[in-house]
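# Results of the structural survey
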Amino acid sequence: MKKGFLFFSFIALIVAVVWFTRSQREQWQTFVKKENQIIKSYPTTQAEKKVAKIDTMKPKSHQDLAQNRATSPDSAKRNPASQKDNSSQRKLHKFPGQFIKEDAGPLNKPHKEWKKRFGSDLLRFMRPETKVFLKKLESLTIYKKGHPFYVEKVHVKLTTPEGRLFSYNALVDSETGKIVETWNQTNHEPLGHQRPKISPSGAITKDDVIRF
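Note that this is a predicted model, so its numbers are computed, not measured. (Residues numbered from 1 in each chain as written. Predicted model: local features only at pLDDT ≥ 70, side-chain atom pairs only at ≥ 80, totals over all residues. Heavy atoms only, no water.)

Of regular secondary structure, the protein possesses four helices and eight strands. Across the protein, helices and strands are ordered from the amino to the carboxyl terminus as α-β-β-α-α-β-β-α-β-β-β-β. For the protein, the residues scored as buried account for 38% of the 212 residues in total. Long-range pairs, those at least 24 residues apart, make up 54% of the contacts in the protein with a sequence separation of at least 6. (Helix = DSSP H or I, 4+ residues; strand = E, 2+ residues; numbered from the N terminus. Buried < 20%, exposed > 50% of the residue type's maximum accessible area, 1.4 Å probe, protein only. Contact = heavy atoms within 4.5 Å.)

A separate point is the nonpolar core. Counting 16 residues, the largest nonpolar core has F118, L122, V132, L134, V154 and V156 as its most contacted members. Listing elements by their share of this core, those giving two or more residues are α4 (114-123), β5 (131-144), β6 (147-159) and β7 (165-173). Residues I142, F149, V151 and L171 belong to the second largest nonpolar core, which totals six residues. (Core = buried A, V, L, I, M, F, W, Y, C linked by side-chain atoms within 4.5 Å.)

Time to look at the confidence of the model for the protein. Should pLDDT be low for a region, the predicted coordinates there are not to be read in detail. Taken as a whole, the protein shows an average pLDDT of 75; of its residues, 60% reach a score of 70 or greater. Here strand β3 (residues 81-85) stands out as the element of the protein with the lowest mean pLDDT, 49, in contrast to β7, whose mean of 96 is the highest. (pLDDT = per-residue confidence, 0-100.)

Our next topic: the packing of aromatic side chains. In total, this model carries one aromatic pair according to the counting rule given. Relative to F118, the ring of F31 has its centre 6.3 Å away and its plane inclined at 75°; by these criteria the two rings are edge-to-face. Pair noted here: F31 is in strand β1 (residues 29-33) and F118 is in helix α4, with a separation of 87 residues, a long-range link. Residue F31 shares its accessibility class with F118, and that shared class is buried. The ring centre of F149 lies 4.8 Å from the NZ or CZ of K144, which sits over that ring. (Phe/Tyr/Trp six-rings, centres within 6.5 Å; stacked < 30°, edge-to-face > 60°. Lys NZ or Arg CZ within 6 Å of the ring centre and 35° of its normal.)

It is worth spelling out the environment of K178 at this point. With respect to the element layout, K178 can be found in the loop between β7 and β8 (179-188). In contact with K178, not counting residues within four places along its chain, are D121, L171, V172 and D173.

Sheet topology note: the β7/β8 ladder contains seven bridges and is antiparallel. Bridging from a neighbouring strand, A170 pairs with T182 of β8. The turn linking β7 back onto β8 is made up of five residues, and G177 within it adopts a positive phi angle of 80°. (Pairing = 2+ DSSP bridges.)

What follows deals with the pairing of β7. Of all nine residues in β7, nine are buried, a share of seventy percent or more. Covered by surrounding structure in β7 are L165, S167, N169, L171 and D173 together with F166, Y168, A170 and V172, the residues of both alternating faces. The sheet contact formed by β6 and β7 spans nine bridges and is antiparallel. When the sheet's bridge partners are listed, H155 is paired in β7 with N169. Counting the residues that bridge the hairpin from β6 to β7 gives five residues, and of these G163 lies at a positive phi of roughly 95°.

Before going further, it helps to examine the environment of E152. On the secondary structure map, E152 appears in strand β6. Judged by its relative accessible area of 2%, E152 is buried. C-alpha of E152 to C-alpha of K136: the two residues are 16 residues apart in sequence and 6.9 Å apart in space. Ignoring any residue separated from it by four or fewer positions in sequence, one finds E152 in contact with R90, W114, K136, E138, S139, A170, L171, V172 and S174. At 2.8 Å, the side chain of E152 forms a polar contact with the side chain of R90. One polar contact links E152 to S139, side chain to side chain, over a distance of 2.6 Å. (Polar contact = N/O pair within 3.5 Å; in protein donor to acceptor, adjacent residues only side chain to side chain.)

A few words on the pattern of salt bridges. In total, this model carries eight salt bridges according to the counting rule given. Note that K178 is salt-bridged to D121, the shortest N-O span being 2.9 Å. Of this pair, K178 sits in the loop between β7 and β8 while D121 is found in helix α4, placing the two residues 57 residues apart along the sequence. Judged by relative accessible area, D121 falls into the partly exposed class, the value being 24%. A salt bridge links E162 to R127, with the shortest nitrogen-to-oxygen separation between them at 3.0 Å. One end of the pair, E162, is in the loop between β6 and β7; the other, R127, is in the loop between α4 and β5, and 35 residues separate them in sequence. Owing to a relative accessible area of 16%, R127 belongs among the buried residues under this scheme. (Salt bridge = Lys/Arg side-chain N within 4 Å of Asp/Glu carboxyl O.)

Encoded structure:
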């Protein structure tokens with residue numbers, strides 16, 4: 001009886017540790033630029049979540065990436081074939097008609113500091129008052145030039161000193177932290193604020209100038 005209790009207690013402890021580790025990994029993280037261009041990161045606070053409207057909407061499923069690819073001009077409305085990449089515990093995304101080299105080596109190598117590199121790259125040319133919020137959704141293996149390419153699917157939110165909120169989903173290079181692709185871009189305007197005009201290049205016109 002005692003041995004059985006100890007066994008189930010041990011199993012419960014393992015489950016709790018795994019759950020806690022996963023929940024910590026999936027938490028929102030804030031990135032800010034300090035003096036001397038130093039990028040700092042920390043778990044997003046409840047006050048920041050309220051300002052950035054975090055966790056106020058149900059997250060979309062991983063199929064939004066497929067839908068984005070399916071509606072893009074160069075996709076010809078393709079649907080992905082997804083499966084688990086057991087060697088790396090990543091979800092494998094392959095699209096019909098995509099060129100894949102047999103036994104091709106990967107183009108990059110996952111790095112444990114990809115989040116830090118992401119924050120540094122994104123905030124490099126932004127004003128110190130700008131805040132970036134990041135949440136990892138899942139790890140994926142896609143194909144680029146016929147080779148496996150490791151990416152992290154993330155949700156990104158960005159707030160400016162003027163109170164504007166931008167959000168989007170992105171694929172991020174698992175090694176360099178650089179953005180590979182974005183979709184679901186949303187621009188949330190503060191109440192009573194006139195929406196700025198945006199040129200095709202994405203830069204806001206001189207009528208309402210803003211520098212990220």
